[in-house]
Amino acid sequence: MATGDIGAQIDLLTPGGSGYSITYGYDAAYGDVHIVVYHNGVTYKVSTVSIDSAGNIGAAWLATLSITGGNFTLGITHISGTVWAVVYTAIQIKIKTIDISLDGLTITELADFDTETGGFLRSLHILHISGTIYAMVNEAPTTLKLRVRTVSISNDGLTISNVALDDDAGAISPAVELNKISGSTYVVARTNTASTRLRTYTISDAGAITFLQETELDTTGGVAFGVRGVNVGGSIWAFSYAIAAGTSGRLRTIPVNADGSFGAVVDTDDTLFTNANGRTPWSVTPVGFGSDVYLYGQGNNSNARVRTVHIAADGTIGVSQDTLLLETATANYVRVYRRAGNIYVCFHAGATVQARIRSFDTETLADPAPGGALMRGSLHRIWTKQLGG
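Notes on the structure follow. This is a predicted model, so every value here is computed, not measured. (Residues numbered from 1 in each chain as written. Predicted model: local features only at pLDDT ≥ 70, side-chain atom pairs only at ≥ 80, totals over all residues. Heavy atoms only, no water.)

1. Digging into the sheet that holds strand β20 (residues 248–255)
Across the sheet, which stays open at both edges, the four strands sit in the order β18-β19-β20-β21 with antiparallel pairing between neighbours. Strands at the two margins of the open sheet, each flanked by one partner only, are β18 (227–233) and β21 (267–274). With strand direction ignored, the average angle separating the axes of adjacent strands in the sheet is 25°. Alignment of β20 against β21, held across five bridges, turns out to be antiparallel. The residue bridging G249 from the neighbouring strand is F273, located in β21. (Pairing = 2+ DSSP bridges. Helix = DSSP H or I, 4+ residues; strand = E, 2+ residues; numbered from the N terminus. Axes fitted to C-alpha atoms, helices over the stretch in contact; angles between N-to-C directions.)

2. Here's the deal with the side chain of T364
With respect to the element layout, T364 can be found in the loop between β28 (355–362) and α1 (378–387). Here T362 takes part through its backbone oxygen, which lies 2.8 Å from a polar atom of the side chain of T364. Residues within four places of T364 in sequence aside, it is in contact with V287, G288, R338, G341, N342 and Y344. (Polar contact = N/O pair within 3.5 Å; in protein donor to acceptor, adjacent residues only side chain to side chain. Contact = heavy atoms within 4.5 Å.)

3. Description of the side chain of H348
Topologically, H348 is positioned in strand β27 (residues 343–349). A polar atom in the side chain of H348 sits 2.9 Å from the side chain of R358.

4. Brief notes about the pairing of strand β25 (residues 317–327)
With seven bridges joining them, strand β24 (residues 304–311) and β25 adopt antiparallel strand pairing. Paired with V306 across the two strands is L324, which belongs to β25. With antiparallel pairing between neighbouring strands as the criterion, β24 and β25 make up a hairpin whose turn holds five residues, including G315 at a positive phi of roughly 95°.

5. Considerations on the pairing of β24
Of all eight residues in β24, eight are buried; the element is thus mostly enclosed. Alternating positions in β24 separate into two faces, A304, V306, T308 and H310 on one and R305, R307, V309 and I311 on the other, with burial throughout. Strand direction decides the pairing type here: strand β23 (residues 293–299) and β24, joined by seven bridges, are antiparallel. If you follow Y294 over to β24, its bridge partner there is V309. (Buried < 20%, exposed > 50% of the residue type's maximum accessible area, 1.4 Å probe, protein only.)

6. Notes on the packing of aromatic side chains
Using the criterion set out here, one finds seven aromatic pairs in the structure. Residues Y201 and F211 carry aromatic rings whose centres are separated by 5.7 Å and whose planes lie at 70° to one another, so their mutual orientation is edge-to-face. Taken as a pair, Y201 in strand β16 (residues 196–203) and F211 in strand β17 (residues 209–218) lie far apart in primary sequence, 10 residues in all. Taking relative accessible area as the criterion, Y201 reaches 1% and is therefore assigned buried. A residue is classified by how much of its surface remains accessible, and F211, at 34% relative accessible area, is partly exposed. (Phe/Tyr/Trp six-rings, centres within 6.5 Å; stacked < 30°, edge-to-face > 60°.)

7. Considerations on the pattern of salt bridges
If you walk through the whole model with that rule in mind, you get 16 salt bridges. In this structure, R147 engages D167 in a salt bridge whose closest nitrogen and oxygen atoms are separated by 2.6 Å. One end of the pair, R147, is in strand β12 (residues 146–153); the other, D167, is in strand β13 (residues 160–167), with 20 residues separating them in the sequence. Judged by its relative accessible area of 44%, D167 falls in the partly exposed class. In this structure, the salt-bridge partner of R358 is E327, at a minimum N-O distance of 2.9 Å. (Salt bridge = Lys/Arg side-chain N within 4 Å of Asp/Glu carboxyl O.)

8. So, the nonpolar core
Side chains of nonpolar character tend, in soluble globular proteins, to be buried together. Judged by nonpolar contacts, the single largest core of 18 residues is most densely connected at V46, W84 and I98. The set of elements that each furnish at least two residues to this core consists of β2 (21–30), β3 (33–39), β4 (43–50), β5 (63–68), β6 (74–80), β7 (83–90) and β8 (92–100). Ignoring sequence-local partners within four residues, the contact set of I98 consists of V46, L65, T82, V83, W84, V86, I107, T108, E109 and L110. In this structure, V293, L295, Y333 and A349 belong to the second largest nonpolar core, which totals 17 residues. (Core = buried A, V, L, I, M, F, W, Y, C linked by side-chain atoms within 4.5 Å.)

9. With respect to the environment of D167
Residues D167 and V148, 19 residues apart in the sequence, show an inter-C-alpha distance of 6.4 Å. A polar contact of 2.6 Å, which involves the side chain of D167, links it to the side chain of R147.

Here it is in structure tokens:
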């Protein structure tokens, strides 16, 4: 098999609870214990499930914590030890810290914090910066503009506070994502029905935020379901997003430099993510360190699938290596990550908005030996480890 060839599905778990959509699955929290966060528009849930390195999924949740009063945006990040932070929207943006036992059998609430109140909030993304400092991007209440915020969360999860705030007075931002470029430089990708834009910032280890530059990546609007970015080599990034006024998703490559400046668009492809094959690219992860193959999870109102795509380090977009159809029904939040070796796990919302967890194999370029240099794509694997996206 060639790198990027996708095998058959290994296992499937539909835990039950019609109406619940998986938003994030966290990459192997402790060995075989994985964390899943999901919602039904009213109640959020945090659950643990067993998935071993061969792709075998446990028969049921290990434990579940219910959080009432939310709408539909949430994420999770690791703090320290067994302490985790769940971020979610419930008119206000809230942070709840929890303790998840190493065996996954116990989930305990620790502390709650409201970062802000008021307005309808659809977008939320959190990333660890340094020490106790975390950055969040979201729609600002009432105005629905882009907001970048830093918060401090103590290692024991008991003390949470706001640190700094930067508001953009520009376009409404129903879909946002934050990625680290280099050092203290970060890029925010945002899309709405008018355009898709990139904004760079410096975020210091102490949480200070400084805006650098903005560029319009695309004058064609996207949709509220998100934009995903991955570093493919050097300063080159590949961003994928659904097109609002058409029937496809778009993949576009562009340089994002360490000083926050942007180069010209390198390449564009509108053929990989069509309405017939799940046009919205929900997630992306490299297929091994140093590989030019990237695994996308995609879905829409007719099907869900995973797809491997060649993207060269210079930003040239190649062919689709392989694809696996997961479901021929409405499927959203299709998020994929590497479990171990050639084994990958996919979390998504399936028919009747039921949560589904699947495992499958994909031929993967071997990782470098322990102690070897991290090759291109490693930055995104660090990102997925922080957020589970």
